[in-house]
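Okay, here's what each chain looks like letter by letter:
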Amino acid sequence: MNKIILIIKREYLSRVRKKSFIVMTILGPILMAALMMTPLLMDNSDTEERSVWICDESGLFISQFEKAEDINTTFFIEPLVEVKALFNQSNAFALVHIPSSTDSTISLLENSINVFAHKPISIANRRLISRNVESVIESIKLKNEGLTRDIIEKTRVDINLNTIILGESGLEKSGSTEIALGLSMAGGFLIYIFIFLYGAMVMRGVMEEKTSRIVEIIISSVKPFQLMMGKIIGVALVGFTQFALWILLTFVLSTVATTLLVNPADINPADIANGTELILQDVDIPQNGIASILAQLQSINISFLLGMFLFYFVGGYLMYGSLFAAVGAAVDSETDSQQFMMPITIPLIFSIIALQTILENPDSSLAFWCSIIPFTSPIIMMGRLPFDPPLWEIGLSMVLLIIGFIFTSWIAGRIYRIGILMYGQKVTYKTLWKWIKQS
Amino acid sequence: MKVLEVQSVSKTYIHHKALDNISLSVQEGQIFGLLGPNGAGKTSLIRIINQITIPDEGRVLFNGEPLNHNHIGQIGYLPEERGLYKKMKVGEQALYLAQLKGLSEKEAKKALRSWFERFDINTWWDKKVEELSKGMAQKIQFITTVLHQPKLLIFDEPFSGFDPINANIIKDEILQLKENGTSIIFSTHRMESVEELCDHIALIDKSKKILDGPINEIKDKYKQQIYKVDFSSSKLGFLDRLPEHLKLVQQNAHKAEIQILNDSSATDLIRFLLDHSDIKGFEEKIPTVNEIFIRTVQGN
């Protein structure tokens, strides 16, 4: 037991002290932030005022066109040919041509508006123009029918469905599909990333021991299985450390960034409210905002979910980790590892793809089987958990994951103990099978 | 006293039998040469002694007890395929390996310091292994093998990678260890070092033991009654007409090697030779381990 702790300590320290670990830990959140910020920044850099000319032959639009941000509109009532000639010499951004029409022929406009430009126009700008034109046409049409925009606004309804799930004991629980969806996706995805990132690290570690020829020295002191498990656990701790540091750094970075970059005077309560509303609309969350999210979060048993997440996180990693170790032991170089990586990565990739389908229908038989079979259960069951699958299914899935973990470690251990001492041999699935059978 | 006793050990892998009913024993303070051609089964046997694999049949006793995990700290093993973690610092790595053998950190540090002092390599402590030359790394490996003062040491090709000067240093260290009562199993293809170091040899070929005994007895046994004679004249025409019980093995200028084919004595041979010529030198030809190796393996 003492020796396995020694191994864990070495595996952990030798990785955590590496420059690449420190660099990745610091760079990770920065890269993430950059990845998310770049599109925003690029978009913002595009804020110069653009002049858009509108050739409104009938003069119907001039009075109702809303002034749009960043766009400087100029109206013309001259015929298109003349305006176009002027436009060609100007550096105006776009020329919108609205052919003349009367109230009765206004419907015809829908397909006859052209935009002339020197350069292709972005989708956002097109939408801006078309939204404006549409709303003017809409208003004109409404007026023709004897309605005003105010009446329409007043009659608008927005329904917010509260799902309430009736438990067998008559217990009522408010369902929380959106938050649940977010949580389960995030949980499943984290497990997926973790297994891939650190499973590969285990594999490379085993290969390093094999190619540097230190392995025979070590297994004359400890059992191969101890060495393998020590490495898997050590790398897991490296992963936890890195994740924890990433979360911490991201938190620190975002705090620093907001205090430094956002001028307090700019923070306008109304803006913030609008902002949240916008975000909420994007993810399809009811309009009454944060209060509702909090209510929903309370309805989910967070500590249960967190506990389960840890279980599937660790269980899934351990199960796949030993397989990665076995692959590392069987091959001499990273290039040879590809053929054996396939059967390991396929169930993982399958899980993450199946997760999307399963979330739409969390009680399907695909969902059931995928959350029971240990190869897919860490990701899929994690995704299903917020939808309250039956307890016996959770129990079965957990037991099977433990059995699966013991089984893969046993198989991997048998491949590992022989593989690490085999040099320069072409290993096929047939040889692996022989190693497993050999006493 | 027997430190190690291998009793009728057999081991079969999928394709072949690696060891077939091998028995041998190593005495305290003995250097035991484990010889054999490539693929004979030496490494399989060594791995069984190190508990890396277990035998299919037979058993191994260490100090009279069946081999178990408590013995790991009393065995030191320098494998033929050996290396170190390249990115780790020398001192740290040596400490780690020593602790895996059961030394405490303090004991290990103390022992390491004295070995580093002895080899005058104190400056290597904080170097990374990848900065060392092959010979330097081999030295570190030697130290980590013997550091925990094991009762039994197993060296598989310990001199590979060393220049002659360093090989000599290591050889002296091995002799010193033997002096201190350590038993050593020594596996190599360099027969001249077997000749120099070993007290006892065993030869394994095609997974069977074909020879086992003290090196002097084996040499005696393999003597073929061949005598090297140095004549003072070069008129050696009589050698072509030797009597039937004598055979001319080799001849050049003044010298000849003559084999006695029946059980007549060397004195008879000298008498016969003196009748025909004058003799400057006369000595029995002792077979080298190299010759014994080749003869037995080819005859097997």
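Residues numbered from 1 in each chain as written. Chains lettered and ligands numbered in written order. Predicted model: local features only at pLDDT ≥ 70, side-chain atom pairs only at ≥ 80, totals over all residues. Heavy atoms only, no water.

1. Observations concerning the overall build of chain B
Thinking step 1. Broken down by element type, chain B carries nine helices and 14 strands.
Thinking step 2. Within the span of chain B, comprising 300 residues, buried residues form 51% of the whole.
Thinking step 3. Within chain B, residue pairs in contact and separated by at least 24 positions form 66% of the contacts whose partners lie at least 6 positions apart.
Thinking step 4. By element, 46% of the accessible surface of chain B is carried by carbon and sulfur atoms, the whole surface being about 14400 Å². (Helix = DSSP H or I, 4+ residues; strand = E, 2+ residues; numbered from the N terminus. Buried < 20%, exposed > 50% of the residue type's maximum accessible area, 1.4 Å probe, protein only. Contact = heavy atoms within 4.5 Å. Areas by Shrake-Rupley, 256 points an atom, 1.4 Å probe, with all protein chains shown as cover.)

2. Re the sheet that holds strand S1 (residues 2-12) of chain B
Residues and elements named next belong to chain B.
Thinking step 1. Strands sit in the order S2-S1-S4-S5 across an open sheet of four strands; the sheet is antiparallel. In the strand order of this sheet, the two ends are held by strand S2 (17-27) and strand S5 (65-66), each with one partner.
Thinking step 2. Bridge count for strand S4 (residues 57-62) against S5 is two bridges, and the pairing is antiparallel. The partner of Leu61 across the bridge, within S5, is Pro66.
Thinking step 3. Strands in contact with helix H1 (residues 42-49) are S1, S2 and S4; relative to S2, the strand with the most contacts, it is inclined by about 60°. (Pairing = 2+ DSSP bridges. Axes fitted to C-alpha atoms, helices over the stretch in contact; angles between N-to-C directions.)

3. Focus on empty space enclosed by the protein
Thinking step 1. Using the criterion set out here, one finds three cavities of 30 Å³ or more in the structure.
Thinking step 2. There is about 70 Å³ of room inside the largest cavity.
Thinking step 3. Together, Ile217, Ser220 and Ser221 of chain A together with Gly76, Tyr77, Leu97, Lys101, Thr144, Thr145 and His148 of chain B line the largest cavity.
Thinking step 4. Of all elements in the fold, only strand S6 (75-78) and helix H4 (134-146) of chain B reach the threshold of two or more residues within the lining of the largest cavity.
Thinking step 5. Split by residue class, the lining of the largest cavity holds three nonpolar, six polar and one charged.
Thinking step 6. In this structure, the second largest cavity spans a volume of roughly 50 Å³.
Thinking step 7. If you go around the second largest cavity, you meet 10 residues; those closest to its centre are Phe65, Ile71, Thr73, Ile129 and Asn132 of chain A.
Thinking step 8. When contributions to the lining of the second largest cavity are tallied by element, the ones reaching two or more residues are strand S1 (50-56), strand S2 (71-76) and helix H4 (123-144) of chain A.
Thinking step 9. Taken together, the residues of the lining of the second largest cavity sort by class into eight nonpolar, two polar and no charged. (1 Å grid on protein atoms, 1.4 Å probe; cavity = no way out; pocket = protein on both sides within 12 Å on 5 of 7 lines; lining within 4 Å. Points joined across faces, edges and corners; volume = space filled by probe spheres on them. Nonpolar A, V, L, I, M, F, W, Y, C, P; charged D, E, K, R; others polar.)

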